[in-house]
Amino acid sequence: MASQNKNDIKERASTDGARASDFVSRNYRVNGRRTSIRLERIFWNAFEDAARRERHDVAELCSNIDRRRDKGISLTAAVRLFVINYYRGASAAPASAHGFAEQGQSPLEGEQGSLIEKALGVLD
């Protein structure tokens, strides 16, 4: 039997009868160091969606969050804050900005400014 990544095993084990509140651990290289982030599945889904909408790699976004966060809070907590603030910003955006991913646009290019930058601002 081929060797399997320990996180693949954890991920698979937690998907049997998975709920949105189940925790999932993932490893990323963040600012040159390998680290693990453990979030509820619903936060991972939202975080990956935000990264996809803004055309960012999840590891790149983790590095941005890590650079901007107060070192008194964990990276995991900072990711949660980012996700909440990203979607708060998205819900406050004009109706014309909704669906920007499907239209091939990003708030990074628009007058309203970057939802990523606004969400990261809470970490400063």
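Here goes a summary of the coordinates provided. (Residues numbered from 1 in each chain as written. Predicted model: local features only at pLDDT ≥ 70, side-chain atom pairs only at ≥ 80, totals over all residues. Heavy atoms only, no water.)

For the protein chain, the helix and strand inventory stands at five helices and two strands. Secondary structure elements of the protein chain, listed N to C terminal, follow the sequence α-β-β-α-α-α-α. By residue count, 40% of the 124 residues in the protein chain fall in the buried class. A sequence separation of at least 24 residues applies to 53% of the contacts in the protein chain between residues at least 6 apart. Working note: accessible area of the protein chain is about 7,300 Å², and carbon and sulfur atoms make up 51% of it. (Helix = DSSP H or I, 4+ residues; strand = E, 2+ residues; numbered from the N terminus. Buried < 20%, exposed > 50% of the residue type's maximum accessible area, 1.4 Å probe, protein only. Contact = heavy atoms within 4.5 Å. Areas by Shrake-Rupley, 256 points an atom, 1.4 Å probe, with all protein chains shown as cover.)

So, on to the packing of helix 2 (residues 41-53) against helix 4 (residues 75-92). Helix 4 packs onto helix 2 with a crossing angle of 60 degrees between their chain directions and a minimal axis gap of 10 Å. The angle between helix 2 and helix 4 places the two elements in the oblique class. When you trace helix 2 past helix 4, the crossing you get is left-handed. Residues Phe-43, Ala-46, Phe-47, Asp-49, Ala-50 and Arg-53 of helix 2 touch helix 4, and the partners they reach there are Val-79, Arg-80, Phe-82, Val-83, Ile-84, Tyr-86 and Tyr-87. (Axes fitted to C-alpha atoms, helices over the stretch in contact; angles between N-to-C directions. Parallel < 35°, antiparallel > 145°, perpendicular 65-115°, else oblique. Left-handed = near helix turned anticlockwise from the far one by under 90°.)

Bringing the pairing of strand 2 (residues 33-40) into the picture now. Across eight bridges, strand 1 (residues 23-30) lies against strand 2 in antiparallel orientation. Paired with Ser-25 across the two strands is Arg-38, which belongs to strand 2. (Pairing = 2+ DSSP bridges.)

On to the environment of Arg-29, then. As for its placement among the helices and strands, Arg-29 is situated in strand 1. Sequence separation between Arg-29 and Ala-59 is 30 residues; the distance between their C-alpha atoms is 6.5 Å. For Arg-29, the contacting residues outside a window of four places in its chain are Arg-34, Ala-59 and Ser-63. Polar contacts involving the side chain of Arg-29 include one to the main-chain carbonyl oxygen of Gly-32, which spans 3.2 Å. (Polar contact = N/O pair within 3.5 Å; in protein donor to acceptor, adjacent residues only side chain to side chain.)

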